[in-house]
Each structure stands twice: as C-alpha cells, then as structure tokens.
Amino acid sequence: MSRTLILVIEFLVVTGVCFSIGMYLATRFEQKKKARRRNMNPHSLPMSAFSVFDHPAARKTANDNPLEEAELFMVYGKKLQALEVLRDAMLKKRVTREQYEAFKANHGL
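This one's a predicted model, so the numbers in the text were calculated from it and none came from an experiment.

### So, the overall build of the protein chain
Part 1 of the argument: Scanning the protein chain from N- to C-terminus turns up four helices and zero strands.
Part 2 of the argument: The long-range fraction of contacts in the protein chain, counting pairs at least 24 apart against all pairs at least 6 apart in sequence, stands at 31%.
Part 3 of the argument: Accessible area of the protein chain: about 9,300 Å², with a carbon and sulfur share of 62%.

Shown next as structure tokens:
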C-alpha cells in the first residue's frame, strides 16, 4: 500500500469518527432540551421585560394590602401614588377613613 492511500484512509476514519461523535452529542443535547421543555412550568419562570404583564407575580390578588402598598410607595418617595392607592382603596371599601387619616398623620401629609 502506498503512503498516500494510508493517509487518505486514516483521514476518512478520523473524519467519520468525529462526525459520529458530533451526531451523538447533538442528539443527546436535543433530548435534554425536549425533556426540559416538558418539565417546564410556565408559572415558575422568572419575570422578564416581555412577560411582566401576564406573569402571575404581577397580578393583583385578593389579599393585597393597600396600606402596605402605600408604605412601599412612601419608601421610594412617591407620596402622590401612595395617597392615590389609599383613595382608591377607600372607594372600594378596603380601607376606612380612619386608616387613611392615620396614614397621612404618620407620614406628615
């Protein structure tokens, strides 16, 4: 056998082995990806810029406390938003007039 023929055969064998390994790894990664998709819970995904409007964490629940929400606004210096939240809560009968006045007195508004 000539040296050139041996080199061509070695090249083809090495290329075939590398191709086989690549195909094996590609199918393994694809199987793992499909398994992850099957096990994914859409409600456990982190919030992103594209999902803030429909994410469960962004939705209001029945046990939201308007006083706590107003306190949070006050922490960030947003007095008008805090008072607006409390006024809306008063209209919906979730906060009494006394609680509203006490909040204003506590924060010097």
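### Details of the confidence of the model for the protein chain
Part 1 of the argument: Per-residue confidence for the protein chain gives a mean pLDDT of 81, with 78% of residues at or over 70.
Part 2 of the argument: The element-level mean pLDDT for the protein chain is lowest in helix α2 (residues 66–75), coming to 86, with helix α1 (residues 3–39) highest at 90.

### Observations regarding the packing of α2 against helix α3 (residues 79–91)
Part 1 of the argument: Packing of α2 against α3 brings their axes to within 7 Å, and their N-to-C directions diverge by 170 degrees. One way to sum up the angle between α2 and α3 is to call them roughly antiparallel. On the side of α2, the interface is formed by Pro-66, Leu-67, Glu-69, Ala-70, Phe-73 and Met-74, while α3 contributes Lys-79, Gln-81, Ala-82, Val-85, Leu-86 and Ala-89.

### Observations concerning α2
Part 1 of the argument: Within α2 the residues assigned to the buried category are Pro-66, Ala-70 and Met-74. One face of α2 carries all of its buried residues, which in axial projection span an arc of 85 degrees. Residues of α2 that are exposed and point over 90 degrees away from its buried face: Glu-68 and Val-75.
Part 2 of the argument: Where α2 is buried, its residues meet α3 and α4 (97–106).
Part 3 of the argument: Here α2 starts with a cap whose side-chain oxygen sits 3.0 Å from the backbone nitrogen of Leu-67, and that cap is Asn-65.
Part 4 of the argument: Following α2 by one or two positions, Gly-77 adopts a phi angle in the positive range, close to 75 degrees.

Parameters at a glance
Residues numbered from 1 in each chain as written. Predicted model: local features only at pLDDT ≥ 70, side-chain atom pairs only at ≥ 80, totals over all residues. Heavy atoms only, no water. Helix = DSSP H or I, 4+ residues; strand = E, 2+ residues; numbered from the N terminus. Contact = heavy atoms within 4.5 Å. Areas by Shrake-Rupley, 256 points an atom, 1.4 Å probe, with all protein chains shown as cover. pLDDT = per-residue confidence, 0-100. Axes fitted to C-alpha atoms, helices over the stretch in contact; angles between N-to-C directions. Parallel < 35°, antiparallel > 145°, perpendicular 65-115°, else oblique. Buried < 20%, exposed > 50% of the residue type's maximum accessible area, 1.4 Å probe, protein only. Arc of directions from axis to C-beta. Polar contact = N/O pair within 3.5 Å; in protein donor to acceptor, adjacent residues only side chain to side chain.

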